[in-house]
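Examining the three-dimensional arrangement
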Amino acid sequence: MGLVDATQAALLLLVSGDAELWGTVGVSLSVTLRAMLIAMPLGIAAGYLLATNDFPGRRLLIIVTQGLLASPTVVVGLILYLLLSRQGIFGELQLLFTQTAMVIGQVLIALPVLVAFSLSAIQGADPRARETALALGAGAPRIAWTLLLEVRFALMAAVCSAFGRIVSEIGCALMVGGNIAGVTRNMPTAIALETSKGDFAQGIALGIVLLLVALGINSAFAFFQGESRR
Amino acid sequence: MSLLVVRSLAKSLARRVLLAIDDLNLSAGKSYVLTGENGSGKSTLLRLLAGIEAPDGGSGCFEGRPFGWKPYPDWLRRQLTYVHQQPYLFHSSIADNIAYGLRARGVARGERERLVDDALSWARLRHLLDTPPARLSGGEKQRLALARAWVLRPKLLLLDEPTANLDADSRQQTIELLRTFGSSGTTAVIACHDRDVIELPDMQRLDLVGGRIVQ
Ligand SMILES: Nc1ncnc2c1ncn2[C@@H]1O[C@H](COP(=O)(O)OP(=O)(O)OP(=O)(O)O)[C@@H](O)[C@H]1O
Ligand SMILES: [Mg+2]
């Protein structure tokens with residue numbers, strides 16, 4: 001099949017509501033959304049605590065977080081694989097090659113992004129915001145909520161950035177998911193493996209969807225970043 | 001009757017003494033204008049009193065109830081409020097800004113709405129209700145910050161140069177608000193160089209020289 005034919009077939013898959021194609025898209029989005037739901041509150045809370053508290057080891061934690069931003073996802077996958085494999089310490093949970101394993105992996109990849117970005121978002125807040133809340137009699141929880149609201153656009157940018165990183169990552173999803181059709185096959189693993197098996201149409205169709213998702217997320221990121229600087 | 005008594009309030013930074021106040025006594029129902037050269041520590045004193053900055057040491061009594069700064073007590077925080085020289089407005093609506101302190105105090109919704117409504121009239125902000133706070137002029141921002149403080153009926157109001165950076169009209173409107181604020185029973189301490197503020201009725205003068213108060 002030539003490239004033109006394959007592209008035509010891909011477009012047909014897209015418009016005809018191909019079950020396999022949209023199933024793979026569904027796995028991707030469902031895994032990534034669940035990972036974000038877990039990682040968002042954890043990452044933002046950790047960023048807030050790092051930004052507003054001084055404690056021994058804080059500098060080190062920030063440096064480690066910055067370092068983890070650059071961690072290759074395949075290495076995260078490798079470590080998680082070792083932990084979840086039958087001989088690993090979490091082997092009994094039998095999570096390897098499940099969506100849960102993929103969710104855990106994506107949470108681990110998203111966390112440093114969320115922590116680092118929300119840390120800098122909160123550090124970038126006007127110091128008078130906290131002082132004003134304090135002067136008006138707010139307690140610690142209300143002050144925290146107020147500050148997060150004041151930097152909401154920067155936080156949304158952080159969320160978009162984390163989402164973009166995990167929805168398109170392949171290394172970890174492949175290692176701990178295993179590309180099982182209908183279960184753990186997501187867009188990136190399907191594109192890589194189906195194409196290498198010669199199914200160009202699936203690959204191209206998924207590539208188009210993933211590209212659109214990435215474009216959407218990046219536009220949202222740019223929008224929120226712009227808003228946060230106003 | 002004294003509202004606030006402060007003893008041995010000290011603050012230094014990098015071995016430089018910013019404030020060393022042996023004794024400060026504010027009477028209930030009076031108002032004070034705090035003067036002093038640039039850098040004499042006016043803002044620092046207000047921020048210490050408001051519990052926004054921590055001093056190196058000091059103790060106090062509010063309405064006869066003793067307190068210290070480590071930690072600054074929550075009950076005292078609810079008796080007073082502080083307004084920045086350039087007020088910070090939350091990125092929400094004008095009404096939400098005014099309601100902020102009421103929410104923090106757990107004031108029920110109906111009562112809150114009534115109080116916010118009063119404050120909008122008091123500060124003559126009603127016609128601006130739909131304007132995002134960030135779009136307000138300097139004078140309107142100052143009025144909103146005053147309304148946000150006034151709605152709490154604080155016993156002590158700490159104001160940092162409320163009329164600096166305002167044009168003549170806004171200045172007059174702000175001074176008018178300060179006059180009515182004072183007559184509502186609130187004790188105010190206003191860092192200020194503005195003649196018209198200094199000459200408001202019942203204003204006592206506190207002069208800061210070299211980190212000390214000359215009363
Ligand atoms: N965080 C800080 N670090 C170093 N110095 C500071 C800090 N905060 C205040 N100062 C210094 O403390 C002194 C008092 O400052 P403060 O702002 O209280 O003065 P002020 O009387 O309000 O002055 P102004 O009339 O200019 O508003 C100044 O010399 C200032 O440089
Ligand atoms: Mg000052």
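This report concerns the structure included in the present document. (Residues numbered from 1 in each chain as written. Chains lettered and ligands numbered in written order. Predicted model: local features only at pLDDT ≥ 70, side-chain atom pairs only at ≥ 80, totals over all residues. Heavy atoms only, no water.)

All right, on to the pairing of strand S1 (residues 2-13) of chain B then. For a regular strand, side-chain orientation follows a simple rule: the groups alternate between the two sheet faces. All names here are of chain B. In terms of strand pairing, S1 meets strand S2 (residues 16-27) through ten bridges, oriented antiparallel. By the bridge assignment for S2, Val6 is matched with Leu24. In this structure, the hairpin formed by S1 and S2 is closed by a connection of two residues, where Ala14 is found at a positive phi of approximately 50°. Note that S1 and strand S4 (residues 57-62) share five bridges and pair antiparallel. Looking at the pairing, Ala10 lines up with Gly57 of S4. (Pairing = 2+ DSSP bridges. Helix = DSSP H or I, 4+ residues; strand = E, 2+ residues; numbered from the N terminus.)

A word on the site of ligand 1. Residues and elements named next belong to chain B. Taken together, Leu13, Arg16, Leu18, Glu37, Asn38, Gly39, Ser40, Gly41, Lys42, Ser43, Thr44 and Glu161 make up the full set of residues adjacent to ligand 1. Within the side chain of Arg16, an N or O atom sits 2.8 Å from an oxygen atom of ligand 1. At a separation of 2.7 Å, an oxygen atom of ligand 1 approaches a polar side-chain atom of Lys42. Surface burial for ligand 1 is 59%, taken as the share of its 640 Å² of free accessible area covered by protein chains. (Near = heavy atom within 4 Å. Polar contact = N/O pair within 3.5 Å; in protein donor to acceptor, adjacent residues only side chain to side chain. Areas by Shrake-Rupley, 256 points an atom, 1.4 Å probe, with all protein chains shown as cover.)

To continue, consider the sheet that holds S2(B). All names here are of chain B. Across the sheet, four strands lie side by side as S2-S1-S4-S5; this open sheet has antiparallel pairing. The open sheet has two edge strands with one neighbour each: S2 and strand S5 (65-68). Sheet twist, expressed as the average angle between the axes of neighbouring strands with direction ignored, equals 15°. Each of S1 and S2 is contacted by helix H1 (residues 42-49), which is oriented at about 120° to S1, the strand it contacts most. (Axes fitted to C-alpha atoms, helices over the stretch in contact; angles between N-to-C directions. Contact = heavy atoms within 4.5 Å.)

Tallied over the full model, the rule gives one cavity of 30 Å³ or more. Its boundaries defined by the atoms lining it, the largest cavity holds a volume of some 60 Å³. Looking at the largest cavity, the residues that line it are Thr132(A), Ala135(A), Leu136(A), Thr81(B), Tyr82(B), Val83(B), His84(B), Pro87(B), Ala145(B), Arg148(B) and Ala149(B). Sorting the residues of the lining of the largest cavity by element identifies helix H6 (127-135) of chain A together with strand S6 (80-83) and helix H5 (138-150) of chain B as the ones contributing at least two each. Counted by class, the lining of the largest cavity contains seven nonpolar, three polar and one charged residues. (1 Å grid on protein atoms, 1.4 Å probe; cavity = no way out; pocket = protein on both sides within 12 Å on 5 of 7 lines; lining within 4 Å. Points joined across faces, edges and corners; volume = space filled by probe spheres on them. Nonpolar A, V, L, I, M, F, W, Y, C, P; charged D, E, K, R; others polar.)

Everything listed here is a matter of coordinates, which is why it stays silent on function.
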